[in-house]
Amino acid sequence: MSNATASPGEQLSYQVVDFGQPLQLARRAIAAPQGSEVLVRISACGVCHSDLHMAEGFFDLGDGRHFGLEKVLKPPRTLGHEIVGTVAANGPDAQGALGRSVIVFPWIGCGQCALCARGDEHMCARPESLGTTRDGGFSTHVRVPHPRYLIDHAGIDAAFAATLACSGLTAYSALKKVAPATEQAPLVIIGAGGVGLAAVALAKALHGLGPIVVDIDPAKRQAALDAGASRVVDPAEADAAKTLARSSAEGVSAVLDFVGSTRSFEFANAVVGKGGKILIVGLFGGSASIQLPLIPMRAISIGGSYVGSLAELRELVALAQQGVLPSLPLSSRPLGDVQTVLDELRAGKVTGRAILQS
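Just so you know, these numbers come straight off a predicted model, no measurement behind them. (Residues numbered from 1 in each chain as written. Predicted model: local features only at pLDDT ≥ 70, side-chain atom pairs only at ≥ 80, totals over all residues. Heavy atoms only, no water.)

Draft legend 1. Inspection of the overall build of the protein chain at higher detail. A tally of regular secondary structure across the protein chain gives ten helices and 18 strands. Against the compact-globule benchmark of 21 Å for 358 residues, the protein chain has a radius of gyration of 20 Å, which places it among compact chains. Based on the C-alpha atoms only, the size of the protein chain along its principal axes is roughly 65 × 45 × 40 Å. Considering only intrachain contacts with a sequence separation of at least 6, the fraction spanning at least 24 residues in the protein chain is 69%. (Helix = DSSP H or I, 4+ residues; strand = E, 2+ residues; numbered from the N terminus. Rg over C-alpha atoms; globule rule 2.2 N^0.38 Å. Contact = heavy atoms within 4.5 Å.)

Here's what the structure looks like:
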């Protein structure tokens with residue numbers, strides 16, 4: 001794709017028009033925000049692996065089964081949810097935001113259900129999330145329904161700030177769901193992509209102990225070491241799971257699976273210690289067979305973690321502003337390269353995070 005230029009008063013967006021086909025450029029007049037809406041002029045938007053699933057229109061459930069997204073993501077739809085930009089216009093009921101450079105919280109709910117009321121909008125059954133049910137950040141502008149979803153990122157570079165809205169938040173929320181690791185009972189992270197690397201850096205920064213990272217890609221294993229991993233493991237090596245399971249005195253305390261495939265879960269199940277926890281975060285897809293008696297006999301728990309809450313994002317941004325979090329490997333690309341970036345991500349050629357800038 002070429003990097004098109006917008007005319008004054010025009011918004012450019014790269015949209016899913018047909019699932020499984022390349023994104024298409026759309027031009028339209030910039031509409032004034034209504035009510036409590038704010039219009040954000042986008043300066044940076046990260047490209048996430050989940051954007052691939054959105055563009056394809058389904059999640060793989062294994063055994064030839066798919067979870068279709070036709071009812072959730074109705075084309076044409078602008079993807080992208082790791083958004084940073086400047087508030088360009090306010091609706092009549094949205095005051096005090098104009099001119100601010102902000103991170104946009106994308107995991108917006110209906111605002112009326114019990115989940116939303118307790119602060120878990122990201123779990124809402126009727127989501128209004130940016131980049132899925134509402135247009136997102138592969139664009140020059142995005143409309144946000146209320147200023148409460150905007151977070152100042154003073155002191156944080158815009159490109160890195162964009163990653164906090166998904167890869168950082170997802171990693172942070174997942175880490176909060178497991179007990180801090182020790183040298184005797186370490187934490188294992190499977191997958192050193194953008195989210196996995198964020199978890200490595202966060203675990204090291206928050207707990208002072210680098211996790212053990214498992215990845216098939218030598219470049220990503222090196223990136224994990226650079227981010228603070230205590231050591232790395234190639235799961236393709238003979239007896240890799242057995243060796244890792246026996247490498248600590250108390251066994252692996254928890255496994256965060258940032259891949260979420262059949263093979264990654266099987267590896268996690270093979271290495272987690274008694275009383276430990278497997279937390280599935282990645283959405284690669286697949287299915288797994290579990291020997292049920294072994295779950296209570298080993299006293300393990302298996303759970304999931306999906307992005308994170310607005311309150312957790314505020315906590316994460318505060319940590320980043322304190323300088324606690326090291327940055328991720330980032331590559332800056334023009335907005336018009338979005339399809340190329342998606343293709344590279346699908347081929348496993350992206351280490352860290354690619355950031356679109358418009």
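Moving on from the model shown.
Draft legend 2. Geometry of the pattern of salt bridges. Going through the model one piece at a time under the given rule, you end up with 16 salt bridges. Arg 353 is the partner of Glu 82 in a salt bridge, and the nearest nitrogen-oxygen pair spans 2.8 Å. Linking Glu 82 in strand β7 (residues 82-90) with Arg 353 in strand β18 (residues 353-357), this pair joins segments that are 271 residues apart in sequence. The shortest N-O distance in the salt bridge between Lys 176 and Glu 312 comes to 3.7 Å. Remark: Glu 312 occurs in helix α9 (residues 310-321) and Lys 176 occurs in helix α3 (residues 158-176); sequence separation between them is 136 residues. (Salt bridge = Lys/Arg side-chain N within 4 Å of Asp/Glu carboxyl O.)

Draft legend 3. View of the sheet that holds strand β15 (residues 272-280). The six strands are arranged β13-β12-β11-β14-β15-β16 in an open sheet whose pairing can be described as parallel. Lying at the two open borders of the sheet, with one neighbouring strand each, are β13 (231-233) and β16 (301-304). In this sheet, neighbouring strand axes are inclined to one another by 20° on average, regardless of whether the strands run parallel or antiparallel. The pairing of strand β14 (residues 252-257) with β15 spans five bridges and is parallel. Residue pairing in the sheet places Ala 254 in a bridge with Lys 277 of β15. Sitting on the sheet, helix α7 (residues 262-271) touches β11 (187-190), β12 (212-214), β13, β14, β15 and β16, and the angle it makes with β15 is about 155°. (Pairing = 2+ DSSP bridges. Axes fitted to C-alpha atoms, helices over the stretch in contact; angles between N-to-C directions.)

Draft legend 4. Layout of the sheet that holds strand β6 (residues 77-78). Pairing is antiparallel across the open sheet formed by three strands, whose spatial order is β2-β1-β6. Single-partner strands in this sheet number two, and they are β2 (24-29) and β6. Relative to β6, strand β1 (residues 10-16) runs antiparallel, the two sharing two bridges. Bridge pairing in β6 places Val 16 opposite Arg 77.

Draft legend 5. Geometry of the nonpolar core. Ranked by internal contacts, the top residues of the largest apolar core, which has 88 residues, are Ile 103, Phe 138, Val 144, Leu 150, Leu 164, Leu 256 and Leu 313. With twelve residues, α3 is the largest single contributor of residues to this core. Filtering out sequence-adjacent residues up to four positions away, Val 144 remains in contact with Ser 36, Glu 37, Val 38, Val 40, Val 104, Leu 130, Tyr 149 and Leu 150. Listed in part, the 17 residues of the second largest apolar core include Val 233, Ala 241, Leu 244 and Val 252. (Core = buried A, V, L, I, M, F, W, Y, C linked by side-chain atoms within 4.5 Å. Buried < 20%, exposed > 50% of the residue type's maximum accessible area, 1.4 Å probe, protein only.)

Draft legend 6. Just α9, in detail. A rise of 1.5 Å per residue sets the reference length of α9, with its twelve residues, at 16 Å; its end C-alpha atoms lie 17 Å apart and thus fit the reference within 8%. Looking at α9, one finds that the buried residues are Leu 310, Glu 312, Leu 313, Leu 316, Val 317, Leu 319 and Ala 320. In this fold, the buried residues of α9 make contact with β8 (101-104), β10 (150-152), α3 and α4 (194-207). Gly 323 lies just past α9 and shows a positive phi near 80°. (Expected span 1.5 Å × (residues − 1).)

Draft legend 7. Seen up close, the state of the cysteines. Under the defined criterion, the tally for this structure stands at zero disulfides. We note that Cys 110 lacks a disulfide partner, and the nearest cysteine sulfur, in Cys 124, lies 3.6 Å from it. Its sulfur unpaired, Cys 116 is 3.6 Å from the next cysteine sulfur, which belongs to Cys 113. (Disulfide = S-S within 2.5 Å.)

Draft legend 8. Layout of a nonpolar patch on the surface. A cluster of nonpolar side chains, namely Met 123, Leu 283 and Tyr 306, defines an oily patch on the protein surface of about 280 Å² accessible area. In this structure, Tyr 306 sits in the loop between β16 and α9. (Patch = residues over 30% accessible without salt bridge, like charges linked within 9 Å, V, L, I, M, F, W, Y side chains within 5 Å. Areas by Shrake-Rupley, 256 points an atom, 1.4 Å probe, with all protein chains shown as cover.)

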